[in-house]
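Residues per chain are reported as follows:
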Amino acid sequence: MLHTPLDGEKSSPVAAAASARTVTVVTFNDNARVGGNTAKRRGGTVAAVGGGAVGLGAIVVLLISAFTGTDLTGLLGGGAPAAPQSGGEAIANCSTGQDANNDDTCRLAAATLSIDQFWQERLDGYREPQLIIVDQSTSSACGTASNATGPFYCPPDETVYVDPTFFSTLREQYDTTAGPLAQLYVLAHEYGHHVQNLTGVMQEYPNNGTGPDSNGVRTELQADCYAGAWVAAAGEQVDENGTPYLQPPTDQQISDALAAAAAVGDDHIQAEAGQVTNPESFTHGSSEQRTRWFDAGRQGGVNACDTFSVAGSSL
Ligand SMILES: [Zn+2]
């Protein structure tokens, strides 16, 4: 599926910035080999709620791991999360960079090769998470994954769940173009949570509630920073033939990814919902913080991403 620019007029400053750009589709090198990805498509049915054995800790982690601060209480459904399904289908028609350029699902699947390679080079003991492309809805160890939940990382099953229709939501509800690099920023952010799980950050800084300098916000901003670090190096990872998976991002693509980061800032989401901005309820950080930490990673790499040692006033 090719991306089309935002249609219709939007009123927010974020939309004004986003709609001034056209989206460049080409991101992958057409001849890069991406068929080795292990992403799976799963779902197509509404999973039953209940029957899982996952404790409250997993649910709390899930709440901070979702990409936006949108209300996920519906996900929890008042019962225990459903037991995760296994299996799923390999992503069809996804063997070259050209396939990845032409299809949202293949793009996400292909990008896992680049992101995994990035982290393998930087983190001893890195192991690949699973990427599940959610078709309507499927169960995870953290509850039911669907478009309503947004993309998230589930620590107990070390799996990233993304329903690609979320990007339509980004365009329509959060007023941003959600072009190819913005989509990969979202994916890299969730992989950042996987890294936090592996490094022990999630365990060391458990979610301690909301607020502008809460552990939750620090965790989210670090994931944004990790995503920026990968974006800066996205032209460096290569396939088995030495062909870079991705072309170095253009300034326009980076602007698009930054616009996505701004669009999902807690203050912007609250404003879109007609609410007064309330930093005490922040879970992911403001638009300004999310774009600034994404940029910190882009400029300084993963070593620039220690959001936990920064004083709250300069977070
Ligand atoms: Zn997150």
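Further up the page is the structure itself.
Residues numbered from 1 in each chain as written. Predicted model: local features only at pLDDT ≥ 70, side-chain atom pairs only at ≥ 80, totals over all residues. Heavy atoms only, no water.

S.K.: Which residues make up the side chain of Gln-196, and what are the values?
M.R.: Tracing the backbone through its elements, the reader meets Gln-196 in helix α7 (residues 180-199). Overall, the relative accessible area of 0% leaves Gln-196 in the buried class. At a separation of 2.7 Å, a polar atom in the side chain of Gln-196 contacts the side chain of His-193. Beyond its immediate stretch of four places on either side in the chain, Gln-196 contacts Val-201, Met-202, Gln-203, Thr-219, Gln-222, Ala-223 and Tyr-226. (Helix = DSSP H or I, 4+ residues; strand = E, 2+ residues; numbered from the N terminus. Buried < 20%, exposed > 50% of the residue type's maximum accessible area, 1.4 Å probe, protein only. Polar contact = N/O pair within 3.5 Å; in protein donor to acceptor, adjacent residues only side chain to side chain. Contact = heavy atoms within 4.5 Å.)

S.K.: Summarise the coordination of the zinc ion; cite the residues concerned and give the values.
M.R.: Put simply, a metal with four donors set out as a tetrahedron has ideal angles of 109.5 degrees, and one with six donors set out as an octahedron has ideal angles of 90 or 180 degrees. Surrounding the zinc ion are the protein donor atoms His-189 (NE2), His-193 (NE2) and Glu-220 (OE), at 1.9 to 2.1 Å. All donors of the zinc ion belong to a single chain; written as a sequence motif, their spacing is H-x3-H-x26-E. Of this pair, His-189 sits in helix α7 while Glu-220 is found in helix α9 (residues 215-232), placing the two residues 31 residues apart along the sequence. For the residue pair His-189 and Glu-220, the accessibility class agrees, reading buried in each case. (Donors = N, O, S within 2.8 Å, 3.2 Å for Na, K, Ca; no water.)

S.K.: Tell me about the sheet that holds strand β3 (residues 130-135), and name the residues and values.
M.R.: Across the sheet, five strands lie side by side as β2-β1-β3-β7-β6; this open sheet has mixed pairing. At either end of the open sheet lies a strand with only one pairing partner, and these are β2 (89-90) and β6 (152-154). Inspection of the sheet shows β3 paired to strand β7 (residues 159-162) by four bridges, in the parallel sense. The residue of β7 that forms the bridge with Gln-130 is Thr-159. Along the sheet, α7 contacts β3, β6 and β7; its crossing angle with β6, the most-contacted strand, is approximately 25 degrees. (Pairing = 2+ DSSP bridges. Axes fitted to C-alpha atoms, helices over the stretch in contact; angles between N-to-C directions.)

S.K.: Before we move on, can you summarise the pattern of salt bridges with the specific residues and values?
M.R.: Scanning the entire structure with this criterion turns up six salt bridges. Among the ionic pairs, Glu-121 bridges to Arg-122, the shortest N-O distance being 3.5 Å. One salt bridge in this structure joins Asp-224 and Arg-290, with 2.7 Å as the shortest N-O distance. Taken together, the residues span a long stretch of sequence, with Asp-224 in helix α9 and Arg-290 in helix α12 (residues 287-300) at a distance of 66 residues. Using a relative accessible area of 0% as the deciding quantity, one classes Asp-224 as buried. (Salt bridge = Lys/Arg side-chain N within 4 Å of Asp/Glu carboxyl O.)

S.K.: Mind laying out the state of the cysteines, listing which residues take part and the relevant values?
M.R.: For the coordinates displayed, the defined rule picks out three disulfides. At a sulfur-sulfur separation of 2.1 Å, the disulfide partner of Cys-94 is Cys-106. Handedness of the Cys-94-Cys-106 disulfide follows from its S-S torsion of about 85 degrees: it is right-handed. Here Cys-106 lies in helix α5 (residues 104-120) and Cys-94 lies in the loop between β2 and α4 (97-102), a separation of twelve residues in the sequence. For the pair shown, Cys-94 and Cys-106 are each scored as buried. Between the sulfur atoms of Cys-142 and its disulfide partner Cys-154 the distance amounts to 2.1 Å. Sign of the S-S torsion, about 90 degrees for the bond between Cys-142 and Cys-154, identifies this disulfide as right-handed. A residue pair is termed long-range when its members are at least 10 positions apart, and Cys-142 in the loop between β4 (137-140) and β5 (143-146) and Cys-154 in strand β6 qualify at twelve residues. On the basis of relative accessibility, which here comes to 1%, the residue Cys-142 falls in the buried class. (Disulfide = S-S within 2.5 Å.)

S.K.: Mind laying out the packing of aromatic side chains, listing which residues take part and the relevant values?
M.R.: What characterises a pair of aromatic rings is the spacing of the ring centres plus the angle enclosed by the ring planes. Applying the stated criterion across every chain yields a total of six aromatic pairs. Note on Tyr-205 and Phe-308: the rings are 4.0 Å apart at their centroids and 15 degrees apart in plane angle, and the pair reads as stacked. In this pair, Tyr-205 sits in the loop between α8 (201-204) and α9 while Phe-308 sits in the segment after α12, placing the two residues 103 residues apart along the sequence. Among the residues examined, Phe-308 registers a relative accessible area of 12% and is labelled buried. An aromatic cluster is defined as three or more aromatic residues linked by ring pairs; in this entry it consists of Phe-118, Trp-119 and Tyr-226. (Phe/Tyr/Trp six-rings, centres within 6.5 Å; stacked < 30°, edge-to-face > 60°.)

S.K.: With reference to specific residues and values, describe the packing of α9 against α12.
M.R.: For the pair α9 and α12, interaxial distance at closest approach is 6 Å and the crossing angle is 45 degrees. Between α9 and α12, the angle is such that the two are oblique. You can see that α9 and α12 cross each other, and the crossing is right-handed. Contacts from Val-217, Leu-221, Asp-224, Cys-225, Ala-227, Gly-228, Ala-229, Val-231 and Ala-232 of α9 reach α12 at Gln-289, Arg-290, Trp-293, Phe-294, Ala-296, Gly-297 and Arg-298. (Parallel < 35°, antiparallel > 145°, perpendicular 65-115°, else oblique. Left-handed = near helix turned anticlockwise from the far one by under 90°.)

S.K.: With reference to specific residues and values, describe the pairing of strand β1 (residues 40-43).
M.R.: As paired elements, β1 and β2 share two bridges and run antiparallel to each other. By the bridge assignment for β2, Lys-40 is matched with Ala-90.

S.K.: For the nonpolar core, give the residues involved together with the corresponding values.
M.R.: Most often, soluble globular proteins keep nonpolar side chains buried together rather than apart. Phe-28, Leu-131, Tyr-185, Leu-187 and Trp-230 are the most contacted members of the largest nonpolar core, which totals 63 residues. Taken together, the elements giving at least two residues each to this core come down to α5, β3, β7, α6 (166-173), α7, α9, α10 (251-263) and α12. Leave out the neighbours within four places in its chain, and Leu-187 touches Leu-108, Ala-111, Thr-112, Ile-115, Leu-131, Val-160 and Val-162. (Core = buried A, V, L, I, M, F, W, Y, C linked by side-chain atoms within 4.5 Å.)

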